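Here is how the chains run, residue by residue.
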Amino acid sequence: MDSVFFYVAKLAWLLVAVDSVLLMGLGLGVVCLYVGWHKAARRILVALALVCLTIALFPIGEWLFYPLEQQNPPVLLPAHVDGIVVLGGGEAVSLSHAWQQVALGDGAERLTTMVMLANAYPQAQLVFTGGSGSMVQQGTTGAEVARQFGQSMGLPQGRLMLESKSRNTVENAVLTKAMMQPKPGQRWLLVTSAFHMPRSLAVFCKAGWAMQPYAVDYRAEKGNLLRFDWGFAEHLRNLNQAFKEWLGLAAYKLTGKAC
C-alpha cells in the first residue's frame, strides 16, 4: 500500500496538531525571553494564554464535529443487510498490548455496535478492519483486540472476519474489499464514528464499494453547542480530533483518495 502517504501524513500531523502548535508557541515565547526580546515574548505569551483560555471555555471541537456528524444522523436499521464492515479506532491497542487485556478508548461504540449488529443480522457477513496506525509497531493490531472483545461478548468462533493489515481509512477500504469480494446489488453497512463517516464513505466510494452508513460515537452535543464551560483537556482533545478529521478529509480529496 501507499507507505509514503502514510508516513508523510503521520509526520505532518506531529507539526500541525493543535497541541503541538501550542507547545511550539510556548517554546518560542521562552526563547524570546532568554534572548532579550521581551516585547515579542509578551505578545506571544499573551496570545497563547488567550488561545488556551478560549479553548478551555468554549467547545470549539464540537463546533467542528457538528457539520460532519449531522451529515449522517442516527437511523433505523434496515430489514436486511448482506454484510457489515466495522472500522477500527475504538480499541486502545497499546494498552491492550501492554496489559494483555482488552482495552477500549474513545470510539468504543464501534465495537459495541459490532456485537449488536452481529446479533441483529446473524446471517450477514461481519468484518472488522484495522491493523496498527502507529509508526512504531507494538505487536498487537486493532483486529486482534476486536477479536478478543467479540469473543468476550459471546460472538461464536469464526463469526467475525478480520482484516489486520490496514493502517488508515484508504487501506481499510481497499484491503477489505479485496478480502470480502462484495457482489453488485448487495447491501453493506459501514460502522464508524459519526465525525469520521463522511471521509469513510468518500474513501469506500473511491474504492468502488457503495456502503450504507451506520454512524455511532457522536461527539457534538447537539442542541447545546452555544455554551461555555471549563474543560481545557476535554476541549483540546476534541479540537485536535476534529481538526485532524477536516485535514484528513481535505488531504484525501486533494490526493484523489476519496470521491
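In what follows, the structure referred to is the one given above.
Reading the values: rules and limits
Residues numbered from 1 in each chain as written. Predicted model: local features only at pLDDT ≥ 70, side-chain atom pairs only at ≥ 80, totals over all residues. Heavy atoms only, no water. Axes fitted to C-alpha atoms, helices over the stretch in contact; angles between N-to-C directions. Helix = DSSP H or I, 4+ residues; strand = E, 2+ residues; numbered from the N terminus. Parallel < 35°, antiparallel > 145°, perpendicular 65-115°, else oblique. Left-handed = near helix turned anticlockwise from the far one by under 90°. Contact = heavy atoms within 4.5 Å. Phe/Tyr/Trp six-rings, centres within 6.5 Å; stacked < 30°, edge-to-face > 60°. Buried < 20%, exposed > 50% of the residue type's maximum accessible area, 1.4 Å probe, protein only. Expected span 1.5 Å × (residues − 1). Disulfide = S-S within 2.5 Å. Pairing = 2+ DSSP bridges.

Asks: Can you explain the packing of helix H8 (residues 169-180) against helix H9 (residues 197-206)? Please cite residues and give values.
Replies: At a closest axis distance of 9 Å, the pairing of H8 and H9 adopts a crossing angle of 40°. As the angle between them shows, H8 and H9 are arranged oblique. The two elements H8 and H9 meet at a crossing, and its hand is right-handed. Contacts from Thr 169, Val 170, Asn 172 and Ala 173 of H8 reach H9 at Arg 199, Ser 200, Val 203 and Phe 204.

Asks: A description of the packing of aromatic side chains should follow, citing residues and the corresponding values.
Replies: Aromatic ring pairs are reported here in terms of the distance separating the ring centres and the angle at which the planes meet. In the structure shown here, the tally under the stated rule is six aromatic pairs. A ring pair is formed by Phe 65 and Phe 195, whose centres lie 5.0 Å apart and whose planes are at 45°; its orientation type is tilted. Highlighted residues: Phe 65 in helix H4 (residues 60-69) and Phe 195 in the loop between strand E4 (188-193) and H9, separated in sequence by 130 residues. Taking relative accessible area as the criterion, Phe 195 reaches 3% and is therefore assigned buried.

Asks: Describe in detail helix H2 (residues 18-34), supporting the description with residues and values.
Replies: Over its 17 residues, H2 extends 25 Å from the first C-alpha to the last, a length consistent with the 24 Å expected when each residue adds 1.5 Å. Of the residues making up H2, those classed as buried are Val 18, Ser 20, Leu 22, Gly 25, Gly 29 and Cys 32. Taken from the residues just after H2, Gly 36 is the one with a positive phi, measuring 90°.

Asks: I'd like a description of the state of the cysteines, backed by residues and values.
Replies: Counted under the stated rule, the structure contains one disulfide. There is a disulfide in this structure between Cys 205 and Cys 259, and the S-S distance comes to 2.2 Å. Between Cys 205 and Cys 259, the disulfide has an S-S torsion of -90° and is therefore left-handed. Here Cys 259 lies in the segment after helix H10 (232-254) and Cys 205 lies in helix H9, a separation of 54 residues in the sequence.

Asks: So what's going on with the sheet that holds strand E5 (residues 212-216)? Which residues, and what values?
Replies: In spatial order, the strands read E3-E2-E1-E4-E5; together these five strands make up an open sheet with parallel pairing. Of all the strands in the sheet, the pair left with one neighbour each is strand E3 (161-163) and E5. The sheet shows a mean angle of 20° between the axes of neighbouring strands, direction not considered. Two strands pair when backbone bridges link them, and strand E2 (residues 125-129) and E3 are joined in this way by three bridges, in the parallel orientation. Looking at E3, one finds that Phe 128 is bridged to Leu 162. Together, strand E1 (83-87), E4 and E5 form the strand contacts of H9, whose direction differs from that of E4 by roughly 140°.

Geometry only, nothing functional implied.
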